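The residues making up each chain are set out below.
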Amino acid sequence: MRTVPDAVTERLSDLGNVQVAVPVLLLAMAYAVHRARRWRPALAAALAMALVPALVVPLKAWTARPGPLEPWASGYFPSGHTATSAVAYVGAALLVGPYARRPWPMAAALLLAGATATGLVLRGFHWPLDVLASWLLCLPLLLFVGAVSRSTRGSSSRTPSRRTGPS
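Throughout what follows, the structure given in this document is the object of discussion. Nothing here was measured: the structure is a model prediction, and the numbers come from that model. (Residues numbered from 1 in each chain as written. Predicted model: local features only at pLDDT ≥ 70, side-chain atom pairs only at ≥ 80, totals over all residues. Heavy atoms only, no water.)

### Quick look at the overall build of the protein chain
Within the protein chain, the regular secondary structure consists of six helices and zero strands. Ordering the α and β elements of the protein chain from the N terminus gives α-α-α-α-α-α. Counting all 167 residues of the protein chain, 40% fall into the buried class. Put simply, of all contacts in the protein chain between residues at least 6 apart along the chain, 74% involve residues at least 24 apart. Here the protein chain has roughly 9,600 Å² of accessible surface; of this, 69% comes from carbon and sulfur atoms. (Helix = DSSP H or I, 4+ residues; strand = E, 2+ residues; numbered from the N terminus. Buried < 20%, exposed > 50% of the residue type's maximum accessible area, 1.4 Å probe, protein only. Contact = heavy atoms within 4.5 Å. Areas by Shrake-Rupley, 256 points an atom, 1.4 Å probe, with all protein chains shown as cover.)

### Observations concerning the side chain of H126
Along the chain, H126 turns up in the loop between helix 5 (104-123) and helix 6 (128-156). In terms of polar contacts, H126 uses its side chain to reach the side chain of D130, at 3.1 Å. Ignoring sequence-local partners within four residues, the contact set of H126 consists of K60, P68, Y76, P78, S79, L120, V121 and V131. (Polar contact = N/O pair within 3.5 Å; in protein donor to acceptor, adjacent residues only side chain to side chain.)

### Focus on a nonpolar patch on the surface
Residues W127, L129, L132, W135 and L136 make up a contiguous nonpolar surface patch of about 500 Å² in total accessible area. Using a relative accessible area of 38% as the deciding quantity, one classes W135 as partly exposed. (Patch = residues over 30% accessible without salt bridge, like charges linked within 9 Å, V, L, I, M, F, W, Y side chains within 5 Å. Salt bridge = Lys/Arg side-chain N within 4 Å of Asp/Glu carboxyl O.)

### Here we look at unusual backbone geometry
Positive phi outside glycine occurs at A64, with the angle close to 50 degrees. Checked against the element boundaries, A64 lands in the loop between helix 3 (40-63) and helix 4 (80-100).

### Description of the pattern of salt bridges
Across all of its chains, the model carries three salt bridges by this definition. Linking R123 and D6 is a salt bridge whose minimum nitrogen-to-oxygen distance equals 3.6 Å. Highlighted residues: R123 in helix 5 and D6 in helix 1 (residues 6-14), separated in sequence by 117 residues. With relative accessibility at 15%, the residue R123 sits in the buried group. Judged by relative accessible area, D6 falls into the partly exposed class, the value being 32%. Between R65 and D130 there is a salt bridge, and its shortest N-O distance comes to 2.9 Å. Here R65, found in the loop between helix 3 and helix 4, pairs with D130, found in helix 6; they are 65 residues apart in sequence, far enough to count as distant. The network of salt bridges with shared partners includes D6, E10 and R123.

### So, the nonpolar core
The biggest cluster of nonpolar side chains holds 33 residues, and the ones touching the most others in it are L25, M49, V52, V87 and L95. Where this core is concerned, the elements lending two or more residues are helix 2 (18-36), helix 3, helix 4, helix 5 and helix 6. Top element by residues in this core is helix 4. It accounts for eleven residues. With residues near it in sequence (within four places) discarded, V52 still touches A83, T84, V87 and L141. (Core = buried A, V, L, I, M, F, W, Y, C linked by side-chain atoms within 4.5 Å.)

Following this line, the structure appears as structure tokens:
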């Protein structure tokens, strides 16, 4: 018997749906472009999200791992919902966080990505290893977004703006 109602775990799992997670990233990209007037971090986040299916889908086909509740089905390793939520929410926090001047964007992102993973495991959609593999798979993508974001912020103080010119 499950201790958390299916309605709750299913909603948590839904946080990893493309229709839910990607719009959050798109809003963060728009905010970062508007706020910083820099495209590179936003494009890095978009590239990271585009690479998620390119990494996850071949691994699912190669491993053909069955799911906890559907041993006759395959394609559960790694978790695409976990990968989508991690890149979308943490990527959004990497884009918005520097302008918030508080740690809450990253805390919220980790909470959302963790809630997605927890919902997927508790609902029986994925094994815990499926979720862990997705997080590890997305780590280089997120490190790339963070590096581009940091390098752009660092160079923005030295590079004159097109509008203001040299100071």
